[in-house]
Amino acid sequence: MSSPTAPGSPERRRPENAVAAQASGGLAGSGPPNPDGEPAKRTFAPDFLTELFRNPLDPGYADAAARKAREGEPAGVRKWANGSVAALTLVALGFLLVVAYQRTIADEPATTKARAALVEQVQQRRADTETLQSRADQLGADVSALREKELGGAAVAQLRDLESATGLSAVRGNGAKITLGDGPTPVNPLTGVRNTVGQVKDTDLQLATNALWSLGAEAIAINGQRLTATSTIRQAGEAILVDFRPVSTPYQVVAIGPDALAKAFRDSYAGGFFDELVSKYGMSFAASDVRGVTLDAANELKLRVAQPNPPLGSPNSPASSGSTRNAAVPHGKASEGGR
Amino acid sequence: MIAVLALLVGVVLGIVFHPTVPPGLLPYLPIAVVAALDAVFGGVRAKLDGIFDDKQFVISFISNVLVSALIVYVGDQLGVGGQLSTGVVVVLGVRIFGNVAAIRRHLFRA
């Protein structure tokens, strides 16, 4: 363990010790007397950090070397004992390293376990959703098949027309496609506030869809989201929600309707309004004819308050309902709570 | 040679016994490792300088580990355990770097 220098050769190491002793001068005053036998002079030591950077070695080594040089190497039992204690220390050190390593390895799963569990849950739920969706599709197909079998041809045709008109089934036809895009949104270099006046707002989309309805559109979808009688177009912060689902720029409003729908839209008030937005705020606007476009069915049309009026001529039609249309009967079922 | 053997013996003992650390001591383990590394690099450098001393090595190892653990303990009691841990790691890290640089100069003359 210790330096194998024989006790009788301090001369050979003298210069080295001198250097080491000098290097340890930082703690002057507290150290042992110099090898020359003079008492240590009290000097102003450099401050702790300077000393730390300049001489990172424990000063004790230099002191010990100096002592050895003065008194000679410890011999016999003492040397052996020192060496074995040092060896034991190293055993403890190896032990410590292994324990720390094992702790680190053992801690690792605990931190990643939670995340892994969450990922697994997400995937599990996603798979569940997929199976449920496919089951719903299957059942829907079964229902329509059974309906066609049970009802007569005329009733089925009427049902299909109603479903198409209300947005409950996919429709196909010619019409117009209105494309609206955000204009530039410069950031004010002084305040850091983004100027969002060039962004498409929910009212713009509402204006476009209302104009299309008024021009004779029979089915409209915004970015693929079919609009129904209960659809909403709302702004939530910077996002626009169509039926509570976010849509983003560029907004494509596809409508099925009369052949000249696109031209009529351009000539209408809405067309002029968007032209002005384009020239003022740099938004993009385009209206073009589309042919043979298919609009998907709406995701969900769930009436929670309004109840379907019994068909005309039904014997148990409630006489109290004044009009045959719009018999909105409120029924506040708590379990039907809002989305 | 004996040093390396002793280190290996310690590693093997740790693997064989696979001790469980009491939870109360867990926060001090990383600090203790850093302190021990400081003592080891100091010892290696002293060896290369030709001034290695067994007693000094043992004492510096034990005192390093104990003092750093004590500092962290006191810091935990005072609510500044994290900051004091950082301080301990910085001081010991500076020393480790300095000693490793000296070792490097010894070994590679660069």
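Just above sits the structure.
Description of the structure in this document.

### Quick notes on the overall build of chain A
Part 1 of the argument: A count of helices and strands for chain A gives eight helices and eight strands.
Part 2 of the argument: Looking at the 339 residues of chain A, the share that counts as buried comes to 22%.
Part 3 of the argument: Restricting to contacts in chain A with at least 6 residues of sequence separation, those with at least 24 account for 69%.

### Let's talk about the overall build of chain B
Part 1 of the argument: A count of helical and extended segments in chain B gives four helices and zero strands.
Part 2 of the argument: Overall, chain B shows an N-to-C arrangement of helices and strands of α-α-α-α.
Part 3 of the argument: Out of the 110 residues belonging to chain B, those deemed buried represent 37%.
Part 4 of the argument: Contacts in chain B between residues at least 24 apart in sequence constitute 66% of all its contacts with a sequence separation of at least 6.

### Brief notes about the sheet that holds strand 7 (residues 251–256) of chain A
Residue and element names in this part refer to chain A.
Part 1 of the argument: With antiparallel pairing, five strands are arranged side by side in an open sheet as 3-2-7-1-8. With one partner strand each, in any of the chains shown, strand 3 (225–226) and strand 8 (284–295) form the two edges of the open sheet.
Part 2 of the argument: Direction of pairing for strand 2 (residues 219–222) relative to strand 7: antiparallel, over a ladder of four bridges. Residue pairing in the sheet places Ile222 in a bridge with Val253 of strand 7.
Part 3 of the argument: Strands in contact with helix 6 (residues 202–214) are strand 1 (171–181), strand 2 and strand 7; relative to strand 7, the strand with the most contacts, it is inclined by about 15°.
Part 4 of the argument: Contacting strand 1 and strand 8, helix 8 (residues 269–281) runs over the sheet at an angle of about 130° to strand 8.

### Structural notes on the environment of Leu212 of chain A
Residue and element names in this part refer to chain A.
Part 1 of the argument: Assignment of secondary structure puts Leu212 in helix 6.
Part 2 of the argument: Judged by local crowding, Leu212 falls into the buried class, with 29 C-beta atoms found within 10 Å.
Part 3 of the argument: Measuring from C-alpha to C-alpha, the distance between Leu212 and Ala176 comes to 8.9 Å, with 36 residues separating the pair along the chain.
Part 4 of the argument: In contact with Leu212, not counting residues within four places along its chain, are Ala217, Ile220, Val253, Ala255, Gly257 and Phe265.

### Overview of helix 4 (residues 81–108) of chain B
Part 1 of the argument: For helix 4 of chain B, with 28 residues, the first-to-last C-alpha span of 39 Å sits near the 40 Å given by 1.5 Å per residue.
Part 2 of the argument: For helix 4 of chain B, the full list of buried residues reads Ser85, Val88, Leu92, Arg95, Ile96, Asn99 and Ala102 of chain B.
Part 3 of the argument: Lining the buried residues of helix 4 of chain B we find helix 2 (48–54) of chain A together with helix 2 (28–49) and helix 3 (54–78) of chain B.
Part 4 of the argument: Phi for Arg109 of chain B, located one or two positions after helix 4 of chain B, is positive at around 50°.

### Re the packing of helix 2 of chain B against helix 3 of chain B
Residues and elements named next belong to chain B.
Part 1 of the argument: At a minimum axis separation of 8 Å, helix 2 and helix 3 run at an interaxial angle of 155°. Taken together, the axes of helix 2 and helix 3 are roughly antiparallel relative to one another. Helix-helix and strand crossings are classified by hand; for helix 2 and helix 3 the assignment is right-handed. Contacts between helix 2 and helix 3 involve Tyr28, Ile31, Ala32, Ala35, Ala36, Asp38, Ala39, Gly42 and Gly43 from the first element and Phe57, Ser60, Phe61, Asn64, Val65, Ser68, Ala69 and Val72 from the second.
Part 2 of the argument: Among the residues forming the contact of helix 2 with helix 3, the class breakdown is eleven nonpolar, five polar and one charged.

### Details of unusual backbone geometry
Outside of glycine, negative phi angles account for most residues, and trans bonds account for most peptide bonds.
Residues and elements named next belong to chain A.
Part 1 of the argument: Omega for the peptide link from Thr249 to Pro250 comes to -5°, which places this bond in the cis form.
Part 2 of the argument: Despite not being glycine, Asp243 shows a phi value in the positive range, around 55°.
Part 3 of the argument: Tracing the backbone shows Asp243 in the loop between strand 5 (239–242) and strand 6 (245–247).
Part 4 of the argument: Taking the number of C-beta atoms within 10 Å as the measure of exposure, Asp243 has 20 and is therefore buried.

### Section: the interface of chain B and chain A
Part 1 of the argument: Between chain B and chain A, the contact holds 41 residues from the first and 35 residues from the second.
Part 2 of the argument: Looking at the side of chain B that touches chain A, the elements that each hand over two or more residues are helix 1 (2–17), helix 2, helix 3 and helix 4 of chain B.
Part 3 of the argument: Among the elements that make up the side of chain B that touches chain A, the one with the highest residue count is helix 1 of chain B (eleven residues).
Part 4 of the argument: Looking at the side of chain B that touches chain A, its residues break down into 26 nonpolar, nine polar and six charged.

### Digging into the pairing of strand 7 of chain A
Residues and elements named next belong to chain A.
Part 1 of the argument: Across the six residues that make up strand 7, a large majority, five, are buried.
Part 2 of the argument: Relative to strand 7, strand 1 runs antiparallel, the two sharing six bridges. Counterpart to Leu180 in the pairing with strand 7 is Tyr251.

### Side note on the nonpolar core
Part 1 of the argument: Tyr61 and Leu96 of chain A together with Ala32, Ala35 and Ala36 of chain B are the most contacted members of the largest nonpolar core, which totals 41 residues.
Part 2 of the argument: Where this core is concerned, the elements lending two or more residues are helix 3 (59–71) and helix 4 (76–150) of chain A together with helix 1, helix 2, helix 3 and helix 4 of chain B.
Part 3 of the argument: When residues of this core are assigned to their parent elements, the largest contribution, twelve residues, is made by helix 2 of chain B.
Part 4 of the argument: Apart from the residues lying within four places of it in its own chain, the contact partners of Ala35 of chain B are Asn64, Val65, Ser68 and Leu92 of chain B.
Part 5 of the argument: Residues Ala219, Val253, Ala262 and Ala287 of chain A belong to the second largest nonpolar core, which totals 35 residues.

### A few points about the sheet that holds strand 6 of chain A
Residue and element names in this part refer to chain A.
Part 1 of the argument: Here we have three strands laid out as an open sheet, ordered 4-5-6, and antiparallel in their pairing. Every interior strand has two partners, whereas the edge strands, strand 4 (233–236) and strand 6, have only one. Adjacent strand axes in the sheet meet at a mean angle of 40°, parallel and antiparallel pairs treated alike.
Part 2 of the argument: Bridge count for strand 5 against strand 6 is three bridges, and the pairing is antiparallel. Paired with Leu241 across the strands is Pro246, a residue of strand 6.
Part 3 of the argument: Together, strand 4 and strand 5 form the strand contacts of helix 6, whose direction differs from that of strand 4 by roughly 170°.

Conventions used here
- Along every chain, residues carry numbers that run from 1 in the direction the sequence is written.
- As a convention, the first chain written is A and the first ligand written is 1, with the rest following in written order.
- Only residues with pLDDT of 70 or above have their local features reported here, since the model is predicted, and side-chain atom pairs are shown and tallied only from 80 upward, although totals for entire chains, interfaces and linings are computed over all residues.
- Runs of H or I in DSSP of at least four residues are treated as helices and runs of E of at least two as strands, each being numbered from the N terminus.
- Exposure criterion: with C-beta atoms placed from backbone coordinates, a residue whose C-beta has 20 or more other C-beta atoms within 10 Å is buried, one with 12 or fewer is exposed, and one in between is partly exposed.
- We call two residues in contact if the C-beta atoms placed from their backbones are at most 7 Å apart.
- A pair of strands is treated as paired once DSSP finds two or more bridges between them.
- Lines fitted to C-alpha atoms define the axes, with helix axes restricted to the stretch in contact, and inter-axis angles between N-to-C directions lie between 0 and 180 degrees.
- Multiply 1.5 Å by the residue count of a helix minus one, and that product is the helix's expected span.
- Under this scheme an angle from 65 to 115 degrees is roughly perpendicular, one under 35 degrees roughly parallel, and one over 145 degrees roughly antiparallel; angles in between are oblique.
- Note on convention: the crossing is left-handed when the near helix lies turned anticlockwise from the far helix by less than a right angle, right-handed when the turn is clockwise.
- Residues are grouped as follows: Ala, Val, Leu, Ile, Met, Phe, Trp, Tyr, Cys and Pro are nonpolar; Asp, Glu, Lys and Arg are charged; all remaining types, including Gly, are polar.
- Any set of buried Ala, Val, Leu, Ile, Met, Phe, Trp, Tyr and Cys residues joined through C-beta atoms within 7 Å is what this text calls a nonpolar core.

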